[in-house]
Amino acid sequence: MLELDFTILQWILLAVCAILVGMSKVGVPGVSMLVVPALAIIFGGKASTGILLPMLMMADIFGVSYYHRHAEWKYLWKLLPWAFVGIGIALWVGEVVNDNWFKNIIAILVFLCIGLMLWKDRKKNQNLFPDSWWFAASMGVLGGFATMIGNVAGPIFAIYLLAMHLPKNSFIGTGAWFFLIVNFFKFPLHIFIWKTISWQTLTLDILLLPAIAIGAFLGIRLVKQISDGLYRTAVIVVTAISAFLLLI
């Protein structure tokens, strides 16, 4: 059972994680990648996914509320069925591995996503992927697996949408709807199958709601002004260090 008697430092860290989650859902790229390994280190690999998921769901509502009109639904319909397949595979994997392996899988997925972010930046002006069913299927399955195992499907989903050449608002709006649907689909699976969500974890998530709202408020204002270069470098470096700590 999760106890809520955290130290002041731990509460500050949790509040920072919640702010970053809120910022990530309104278009500030990459910041939620810092949250995944941080929570896994504090709570354990599998348990951390159940704590993070309701935070993401609350932040998804902020994102959809602000960008809902910009979604490109034709791309969502291509991805969602395959994402559910990936979630099913991850559900089975999560049942057969112990927590140490679970943390290792999260770390490997985080490193994979960092690699995709770096590769995407190098190839951003090239159209390397066709608009075909197999590309949508492979990205959907991989994204569904990553989001169920570690809530780290953002860079994978971004690769697909960038390949479709969506403008920024459509990119954010489509992503907001995708993760709202997928995360709400995952919620009962975490409660009844993995048993990683309880009244105690939900209480913690609700206590962090003001910090999520602050993050969304700040993110909306930062998304047009943020300097991409130094910011992305800092996110990648800190995320890589955090993921490495999961493997120790």
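Preceding block: the structure.
Cut-offs and rules
- Residues numbered from 1 in each chain as written.
- Predicted model: local features only at pLDDT ≥ 70, side-chain atom pairs only at ≥ 80, totals over all residues.
- Heavy atoms only, no water.
- Helix = DSSP H or I, 4+ residues; strand = E, 2+ residues; numbered from the N terminus.
- Contact = heavy atoms within 4.5 Å.
- Areas by Shrake-Rupley, 256 points an atom, 1.4 Å probe, with all protein chains shown as cover.
- Expected span 1.5 Å × (residues − 1).
- Buried < 20%, exposed > 50% of the residue type's maximum accessible area, 1.4 Å probe, protein only.
- Arc of directions from axis to C-beta.
- Bend = angle between axes of the 7 residues up to and from the residue.
- Phe/Tyr/Trp six-rings, centres within 6.5 Å; stacked < 30°, edge-to-face > 60°.
- Lys NZ or Arg CZ within 6 Å of the ring centre and 35° of its normal.
- Axes fitted to C-alpha atoms, helices over the stretch in contact; angles between N-to-C directions.
- Parallel < 35°, antiparallel > 145°, perpendicular 65-115°, else oblique.
- Left-handed = near helix turned anticlockwise from the far one by under 90°.
- Nonpolar A, V, L, I, M, F, W, Y, C, P; charged D, E, K, R; others polar.
- Core = buried A, V, L, I, M, F, W, Y, C linked by side-chain atoms within 4.5 Å.

1. What about the overall build of the protein chain?
Across its full length, the protein chain holds eleven helices and zero strands. Ordered by position from the N terminus, the helices and strands of the protein chain form the series α-α-α-α-α-α-α-α-α-α-α. For the protein chain, restricting intrachain contacts to residue pairs at least 6 apart in sequence, the fraction spanning at least 24 positions comes to 86%. Within the structure as shown, the protein chain displays about 11800 Å² of accessible surface, and the carbon and sulfur contribution to it stands at 70%.

2. Quick notes on helix 10 (residues 209-222)
Compared with an ideal rise of 1.5 Å per residue, which puts 14 residues at 20 Å, helix 10 spans 20 Å between its outermost C-alpha atoms and is within 8% of the ideal. Taken as a whole, helix 10 has its buried residues at Ala 211, Ile 212, Gly 215, Ala 216 and Gly 219. Seen from one end, helix 10 has its buried residues packed into an arc of 140°, which puts them on one side. As for helix 10, its buried residues are in contact with helix 1 (8-24) and helix 3 (45-67).

3. A word on the environment of Trp 77
Examined against the element boundaries, Trp 77 turns out to sit in helix 4 (residues 73-96). C-alpha separation for the pair Trp 77 and Phe 178, spaced 101 residues apart in sequence, amounts to 9.5 Å.

4. As for helix 4
End to end, helix 4 covers 35 Å across 24 residues, agreeing with the expected 34 Å (1.5 Å per residue, within 8%). Residue Leu 79 marks the point of greatest curvature in helix 4, where the axis turns by about 30°; the proline Pro 81 follows within four residues. Residues Tyr 75, Leu 76, Leu 79, Leu 80, Ala 83, Gly 86, Ile 87, Ala 90, Leu 91, Val 93 and Gly 94 constitute the buried set of helix 4.

5. What to know about the packing of aromatic side chains
Scanning the model with the defined rule gives 14 aromatic pairs in all. With centroids separated by 5.2 Å and ring planes inclined at 85°, the aromatic side chains of Phe 6 and Trp 11 adopt a geometry described as edge-to-face. With a relative accessible area of 28%, Trp 11 lands in the partly exposed category. On the basis of an interplanar angle of 75° and a centroid distance of 6.4 Å, the ring pair of Tyr 75 and Tyr 160 is categorised as edge-to-face. In this pair, Tyr 75 is assigned in helix 4 and Tyr 160 in helix 7 (residues 154-163), connecting sequence segments 85 residues apart. The residues Tyr 75 and Tyr 160 share a single accessibility class, namely buried. Connected via pairs of aromatic rings, a cluster forms that spans Tyr 75, Trp 134, Phe 135 and Tyr 160. Its guanidinium or amino end placed over the ring of Phe 217, Arg 221 lies 3.9 Å from that ring's centre, counting from NZ or CZ.

6. Notes on the packing of helix 3 against helix 9 (residues 199-207)
Any two packed helices are characterised by the angle at which their axes cross and by the distance between the axes. In contact at an axis separation of 9 Å, helix 3 and helix 9 are set at 40° when each is read in the N-to-C sense. By the criterion of interaxial angle, the relationship of helix 3 to helix 9 is oblique. Relative to helix 9, the crossing made by helix 3 is right-handed. Counted together, Gly 50, Ile 51, Pro 54, Met 55 and Met 58 of helix 3 and Thr 201, Leu 202, Leu 204, Asp 205 and Ile 206 of helix 9 form the full contact between these two elements. Looking at the contact of helix 3 with helix 9 residue by residue, the classes come out as seven nonpolar, two polar and one charged.

7. Some words on the side chain of Thr 147
Here Thr 147 lies in helix 6 (residues 133-150). Owing to a relative accessible area of 2%, Thr 147 belongs among the buried residues under this scheme. Ignoring sequence-local partners within four residues, the contact set of Thr 147 consists of Ile 87, Val 152, Ala 153, Phe 179, Val 182, Asn 183 and Lys 186.

8. Some words on unusual backbone geometry
One non-glycine residue with positive phi stands out, namely Asn 151, at about 55°. Since its relative accessible area comes to 10%, Asn 151 is described here as buried. The backbone of Lys 195 sits at a positive phi, close to 55°, despite the residue not being glycine. Turning to its location among the elements, Lys 195 is positioned in the loop between helix 8 (168-194) and helix 9. Lys 195 sits in the exposed class, given a relative accessible area of 62%.

9. Details of the nonpolar core
One finds Phe 43, Leu 52, Val 110, Ile 149, Tyr 160, Phe 178 and Leu 204 to be the most contacted residues of the largest nonpolar core, which totals 66 residues. Sort the elements by how many residues they give to this core and helix 4 lands first, with nine residues. Discounting chain neighbours no more than four positions away, the residues touching Ile 149 are Thr 49, Ala 90, Val 93, Gly 94, Phe 102, Ile 105, Ile 106, Leu 109 and Trp 194.

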